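Next come the chains, spelled out residue by residue.
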Amino acid sequence: MLRTTQFRLTASVIGLLLTGTANIAAAAPFCPTPNLSQWDELAAELNSNSNGEDLTVVADNATLGNDGVTTLEGNVAMSREEGILRADRLEYNEAKQSVKAQGNVRFATAELDVDSQAAQVDLAANNAKFTDAKFQVRSETARGSALQIEIAGDGSPDMQHVVYTTCPPGNESWLLRADRIRLDQASGQGKANQVRLIFKGVPILYLPYMQFPFTDQRQSGLLAPTFGSSDNSGFGFGIPYYWNIAPNMDATFTPSFTSKRGFRLDNELRGITGTPLSERRDGNWWQAQATANIDWLPDDKVVNDSRRLVDVDADYRHQKGDQYWRWDNQLVSVSDDNWFDDFGSSLADVSQPFYVSRTTGSWQQIKTRRQLKLQLIAEDHEPLSTTTTNLISRAPELSFNGRQQIGQGPFYYGLESQHGRYVTDNSNSHTSREHYQPWVGVEYRQPAWWISARADYLATRWETRQNGSVTNKESRRLSLYTAQAGAHLEKTSHKGTHVIEPTIGFRAAPTRDQSNIPLLDTHAETLYWHNLNGDQLSGLDRVRDGQQISSILSSEWYNLKGERRLALRVGQIWYLENPTISIAGETLPRNYSTTLFEANSLIGKRWSITATGEWDTQDSHLDHSQVRVDYKNAVAGDFYVGLRQRRNLFRQASIGGQRQLSNNWHISADGLYSLDDKELLGADLKLRYQTCCWAVDFGGKRVLRDSSGEPDVGIFVQLELTGLAQIGSQ
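Heads up: these notes are all about the structure in this document. In this text the structure is predicted, and so the values were computed from the model without any measurement.

This next bit is on the overall build of the protein chain. On a plain count of helices and strands, the protein chain comes out with five helices and 42 strands. For the protein chain, with 730 residues in total, the buried portion stands at 40%. Counting only contacts in the protein chain whose residues sit at least 6 apart along the sequence, the fraction spanning at least 24 positions is 45%. For the protein chain, the exposed area adds up to about 38,600 Å²; of that, 53% sits on carbon and sulfur atoms.

On to the nonpolar core, then. Core analysis: the largest hydrophobic core is formed by 42 residues, its most contacted members being Trp-174 and Trp-694. One finds Val-332, Val-334, Phe-340 and Leu-384 within the second-largest nonpolar core, a separate group that totals nine residues.

Tallied over the entire structure, the rule returns one disulfide. The disulfide partner of Cys-167 is Cys-693, and the gap between their sulfur atoms is 1.9 Å. With the S-S bond torsion at 80 degrees, the cross-link from Cys-167 to Cys-693 turns out right-handed. You can see Cys-167 sitting in the loop between strand S9 (157–165) and strand S10 (174–184) and its partner Cys-693 sitting in the loop between strand S39 (679–690) and strand S40 (694–704), a full 526 residues away along the chain. Note on Cys-167: relative accessible area 0%, which makes it buried. For Cys-693, a relative accessible area of 0% puts it in the buried group.

Another point: unusual backbone geometry. Residue Pro-396 is reached from Ala-395 by a cis peptide bond, and omega for that bond is -10 degrees. Along the chain, Pro-396 turns up in strand S24 (residues 392–405). A positive phi angle, near 55 degrees, is found at His-161, a position not held by glycine. Here His-161 shows up in strand S9. Its relative accessible area of 47% is what places His-161 among the partly exposed residues. Although it is not a glycine, Gln-194 sits at a positive phi angle of roughly 50 degrees. Mapped onto the secondary structure, Gln-194 falls in strand S11 (residues 189–199). Overall, Gln-194 belongs to the partly exposed group, its relative accessible area being 30%.

Residues Leu-222, Phe-235, Phe-237, Ile-239, Tyr-241, Trp-243, Ile-245, Met-249, Phe-253 and Leu-269 make up a contiguous nonpolar surface patch of roughly 860 Å² in combined accessible area. For the nonpolar patch, the secondary-structure elements that each account for two or more residues are strand S15 (234–238), strand S16 (241–246) and strand S17 (249–258). No other element matches the three residues that S16 contributes to the nonpolar patch. Structurally, Tyr-241 can be placed in strand S16. Judged by its relative accessible area of 33%, Tyr-241 is partly exposed.

How each quantity is defined
- Residues numbered from 1 in each chain as written.
- Predicted model: local features only at pLDDT ≥ 70, side-chain atom pairs only at ≥ 80, totals over all residues.
- Heavy atoms only, no water.
- Helix = DSSP H or I, 4+ residues; strand = E, 2+ residues; numbered from the N terminus.
- Buried < 20%, exposed > 50% of the residue type's maximum accessible area, 1.4 Å probe, protein only.
- Contact = heavy atoms within 4.5 Å.
- Areas by Shrake-Rupley, 256 points an atom, 1.4 Å probe, with all protein chains shown as cover.
- Core = buried A, V, L, I, M, F, W, Y, C linked by side-chain atoms within 4.5 Å.
- Disulfide = S-S within 2.5 Å.
- Patch = residues over 30% accessible without salt bridge, like charges linked within 9 Å, V, L, I, M, F, W, Y side chains within 5 Å.
- Salt bridge = Lys/Arg side-chain N within 4 Å of Asp/Glu carboxyl O.

Structure follows, in structure tokens:
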């Protein structure tokens, strides 16, 4: 009974000693784990001789002294289900309720292994103390030592002169040293004093005090510092602070300093709430989440002014049976037109001509034979350049879309409608638009073929006001007829399967004078597969007239393993009646459109090639095209090279890939090059060296700034210590 109590306490406090060590020590896949199988074998032997007792104790000699102290000597071993305690000598004082273990003290559980020169356990006070202790986490490479470990009754250890690493024995590439570390089991928080991080024998970080989480639970505290350098901002250094506000809400504050621009504060706030996943039954649940980013420079030394970015994203989802509600919001605000150009991290960031703030709310009901959707959109466009003008914002726009099947048959009817108010940037005018589009249709579907047809009636009205007075009224009414049919033909042989899918479509719309109708959200679209049977115009302000027949022919070959080896697709429009309605600057096709083509081929096991484009058969040239060759090898790595062009606009080449150079070295790179300007538009390069317990990344990024046309080159070095955060940043 006595030793059972002692062992239960020891198992508890030692097991809690480094509860979080296994969590924060995530060793690399090729790191060797400690071999502690001899302890498992000993535990199995002791348990087999336990005769069902909770505690098994074995020793070469046992002596009961006159002072009431029981002494066990020689290969002392105590075993319970939780683990094993071994020592050369063990003394138990029944009067003082204390246990002393001396000489090669070793304690092993399923989670960790502890070696100590001596251990003392006070059963009355429910605490324990270990001297000259070493610990090793099982199944991981996390290990360390402490001059003294004292554990309180709640299992919270207080360690003196601690050394920690995730490198295996014999490898001390990096060490974390601390004069004192205290782990509070109740809060999951750790506190450390006089922390030194040593890499390759060189101190690289010192913190007089730090607070950190050591469990899976999120905890507030400082994150690893970040540093880097770029032509645009110079050398920079930042220290993020993470604030765990609540289980469903957190924030990160990152004060930083760059040599060219000065102080900067980046803030991110996140939150989520709603029905837990375990309770989302019977299609009844809701969820709301939001993210807010606020970046602020009180005095940008380059422009001598204060600058800021506010970017808020929030969304709401709700389902109740067959009904769905959704609300999405994005609010963006910048202090000046050059924010994205100066601080954007990609070519898309630095070249955007405007930014948008938008809110969208929708309700949808989906039944077997009926679908309904109601949507409200409000948005605001803000230009980022003086050359970007006449931006039109929806303020707001309400749309409805309904579809109803008639009985169990193939016939349907529906209604599409839209009511909107549209405001032109930097003007006192706005336009209201009302649109109604009832339709009827039929649809048959079989495994080998399908056919559909639809007749729409479009009635639309526009009214433009400036300074409160009506300046223009327009209306348009027309009928639109569309039909499509397709087939699925399949042939299987001893070589594989060949699939052919022809599709043909018809569209007809009458000619209406639309020259005085304002252009709100309508623009010409590039001919592509999804709009081949349409009019290649977005929005409602223009409807292309004429009659046309579209066709698509696709063919695919599969081998006996089911792998697609080759896929071909070609499509074109033939005009029975040439269209006359166009957007300013648009060239209308005559008799037939350009030809779309697409080809995908798998060459061998590792090579593939993809080619897409649009061929102008009238002028015999490519309007646009793209070719890409990929090589994929699980051992050697991946590689790609591509070319893309759009006539009279650009010609670009891209190249990239990643490769494992050796067991330790890995390289990845991507680049985009302008063949017209003979200039590198953007590039990323990363070289990684990884060992068993640490890794270092060397990298660089080049982005062509839009305003100046000058490249911004940044370099970074990032050190990653297994079991600790990354140190360094781009």
